[in-house]
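# Structural overview for review
In case you want the letters, here they are:
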Amino acid sequence: MFDMNFYAGKKVLVTGHTGFKGTWLCKILINAGALVTGYSLDPPTEPNLFSLSGINSEMNSIIGDIRDFDKLKQVFDETRPEIVLHLAAQPIVRDSYKDPRYTYDTNVMGTVNLLECVRLSGCVKSVLNVTTDKVYNNREWCWGYREDEPLDGFDPYSNSKSCSELVTHSYINSFFNDGSVAVSTARAGNVIGGGDFANDRIIPDCIRAMQNGTDIIVRNPFSTRPYQHVLEPLFVYLMIARKQYEDIKFAGYYNVGPDDCDCVTTGELTDLFCKYWGDNAAWKNVSEDNAPHEANFLKLDCSKLKSVFGWKPRWHINECMDMTCRFGKTFLSGGNISDEMNAEINEFLS
């Protein structure tokens, strides 16, 4: 499934390359011999994985705003990418309540700007727009959502990614239906893994608590999410981008998530963290009154991805947490982050 030899020498543009998932994705591509250009804002946190990984010197890293169409088009004109992986976004649900206009501007008009650059470039053969499992009209039922379910995310973040999907559908129908460009979207579940330092995410909160010697604070221990290791969806993105590059019939809309056995509550996930971290790690439930709405239950049906590509998840939740804690301890002990990333990528592929 994951033939990385395909990417050797390919010109690949990754938007959002300074983020958590973007940095891991660029690391994989660089290791595969791709000619990688990244377009993104400065890293969103301090510390951040992009700086710790040291990949800046191994790729063409361009700091720019996805809302800046002229600068983005200049990057397309100068680098002439064959493959585009669109990860740039405002990705935090709570931040979308604080600044909904910025969230929509980035996640919707950013997608418009990207696809318009693709339309005008004449060089791109394969595009993947990375959205989220939260694009669906979530009724909090017990089965997973399929790709043909209605899109209508509740909060500004989720809704803006639903809009990004609709923008993509329109560009496919209006401009790419001649088969000149293969375009897909990937709706991924929640990711965990080493190097995430974002606010309001459970694993970064766990690592910060370990760093500070405090209990982990859990806001909603009963919410169920499809957690997966960050490498899981990234290799799926690369698989989709490669397969549709070779044959446009593979272009489509795909859910990317774990099996049902790995859909756990936040409390169960934090229990696993404490188990694999050791050192008397503990957490406490601190529910918030008047907290902004977040879904309590969300699962994906990934039957389509499995049927079309013969894919199945590589790591289960215990292995995901083992890797995540290993990375966290490497970071806190001042270990070599690039080496740890390489080791985890190699283990995933082995």
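Just above sits the structure.
In short, a report on the structure. (Residues numbered from 1 in each chain as written. Predicted model: local features only at pLDDT ≥ 70, side-chain atom pairs only at ≥ 80, totals over all residues. Heavy atoms only, no water.)

## Some thoughts on the overall build of the chain
If you tally the helices and strands in the chain, you get 12 helices and 13 strands. On C-alpha atoms alone, the chain measures out to a radius of gyration of 19 Å, which is about the 20 Å that the 2.2 N^0.38 rule sets for 350 residues. Referenced to the eigenvectors of the C-alpha coordinate spread, the extents of the chain come out at roughly 55 × 45 × 40 Å. Per-residue burial over the chain gives 58% buried out of 350 residues. Partitioning the contacts of the chain with sequence separation of at least 6, the portion at a separation of at least 24 is 80%. For the chain, the accessible surface area stands at approximately 14,200 Å², while carbon and sulfur atoms represent 47% of it. Treating the 34 positive side-chain charges of the chain as one cloud and the 46 negative ones as another, the clouds have centres 4 Å apart. (Helix = DSSP H or I, 4+ residues; strand = E, 2+ residues; numbered from the N terminus. Rg over C-alpha atoms; globule rule 2.2 N^0.38 Å. Buried < 20%, exposed > 50% of the residue type's maximum accessible area, 1.4 Å probe, protein only. Contact = heavy atoms within 4.5 Å. Areas by Shrake-Rupley, 256 points an atom, 1.4 Å probe, with all protein chains shown as cover. Lys, Arg positive; Asp, Glu negative; His and termini not counted. Charge placed at Lys NZ, Arg CZ, Asp CG, Glu CD.)

## A short note on empty space enclosed by the protein
Evaluation of the coordinates by the stated rule reveals three cavities of 30 Å³ or more. If you add up the space inside the largest cavity, you get close to 70 Å³. In this structure, the largest cavity is lined by G193, G194, G195, D196, F197, I203, I207, T324, F327, G328 and F331. Of all elements in the fold, only α7 (202-212) and α11 (317-332) reach the threshold of two or more residues within the lining of the largest cavity. Among the elements that take part in the lining of the largest cavity, α11 stands out by supplying four residues, more than any other. (1 Å grid on protein atoms, 1.4 Å probe; cavity = no way out; pocket = protein on both sides within 12 Å on 5 of 7 lines; lining within 4 Å. Points joined across faces, edges and corners; volume = space filled by probe spheres on them.)

## Here's the deal with the packing of helix α5 (residues 100-121) against helix α6 (residues 156-175)
Helix-helix packing is described using two parameters, namely the angle between the two axes and the distance between the axes. Viewed as axis vectors pointing N to C, α5 and α6 meet at an angle of 20 degrees, and their least axial separation amounts to 9 Å. Taken together, the axes of α5 and α6 lie roughly parallel to each other. Of the two possible hands of crossing, α5 and α6 adopt the one that is right-handed. Between α5 and α6, the residues in contact are P100, T103, Y104, N107, V108, T111, V112, L115, E116 and R119 and P156, Y157, N159, S160, K161, C163, S164, V167, T168, Y171 and F175, respectively. Taken together, the residues that form the contact of α5 with α6 break down as 11 nonpolar, seven polar and three charged. (Axes fitted to C-alpha atoms, helices over the stretch in contact; angles between N-to-C directions. Parallel < 35°, antiparallel > 145°, perpendicular 65-115°, else oblique. Left-handed = near helix turned anticlockwise from the far one by under 90°. Nonpolar A, V, L, I, M, F, W, Y, C, P; charged D, E, K, R; others polar.)

## Quick notes on the packing of aromatic side chains
Any two aromatic rings considered together are summarised by their centre-to-centre distance and by the angle between their planes. This structure, assessed with the given rule, holds 14 aromatic pairs. Relative to Y7, the ring of F6 has its centre 4.9 Å away and its plane inclined at 90 degrees; by these criteria the two rings are edge-to-face. Under the relative-accessibility criterion, F6 is labelled buried at 10%. On the numbers, 5.3 Å between centres and 55 degrees between planes, the contact of Y254 with F309 is tilted. In this pair, Y254 sits in strand β11 (residues 253-256) while F309 sits in helix α10 (residues 303-309), placing the two residues 55 residues apart along the sequence. As far as the burial class goes, Y254 and F309 line up, both buried. Ring pairs connect the aromatic residues Y136, W141, W143 and Y145, which therefore count as one cluster. Just above the ring of F175 sits the side chain of R119; from NZ or CZ to the centre is 5.0 Å. (Phe/Tyr/Trp six-rings, centres within 6.5 Å; stacked < 30°, edge-to-face > 60°. Lys NZ or Arg CZ within 6 Å of the ring centre and 35° of its normal.)

## Brief notes about the pattern of salt bridges
Taken as a whole and judged by the stated rule, the model has 16 salt bridges. The closest approach of N and O atoms between R67 and D65, which form a salt bridge, is 2.7 Å. For the salt bridge of D77 with K73, the shortest nitrogen-to-oxygen distance reads 3.0 Å. Separated by four residues within a single helix, D77 and K73 lie in helix α3 (residues 69-79), roughly one turn from each other. For D77, a relative accessible area of 40% corresponds to the partly exposed category. For K73, a relative accessible area of 26% corresponds to the partly exposed category. (Salt bridge = Lys/Arg side-chain N within 4 Å of Asp/Glu carboxyl O.)

## Observations regarding the pairing of strand β4 (residues 83-86)
Alternating positions in β4 separate into two faces, I83 and L85 on one and V84 and H86 on the other, with burial throughout. Looking at chain direction, strand β1 (residues 11-15) and β4 are connected through four bridges and run parallel. Each bridged residue has a counterpart across the sheet, and for V12 the counterpart in β4 is I83. Where β4 and strand β5 (residues 126-130) come together, four bridges link them in parallel fashion. Following the sheet pairing, I83 is matched in β5 by S126. (Pairing = 2+ DSSP bridges.)

## Overview of the side chain of N48
Note on placement: N48 falls in the loop between β2 (35-40) and α2 (49-53). Judged by its relative accessible area of 5%, N48 is buried. N48 has contacts with P43 and F197, leaving out every residue within four places of it along the chain.

## Describing α3
An α-helical turn contains 3.6 residues, so a residue and the one three or four places further along point in the same direction. Every buried residue belonging to α3 is among L72, V75, F76 and T79, and all of these are buried. Down the axis of α3, the smallest arc covering the buried residues is 100 degrees, so these residues share one side. Those residues of α3 that are exposed and aimed more than 90 degrees away from the buried face are D70 and E78. On its buried side, α3 packs onto β1, β2, β3 (60-63), β4 and α5. Following α3 by one or two positions, R80 adopts a phi angle in the positive range, close to 50 degrees. (Arc of directions from axis to C-beta.)

Note that every value here comes from positions in space, so none of it alone points to a role or purpose.
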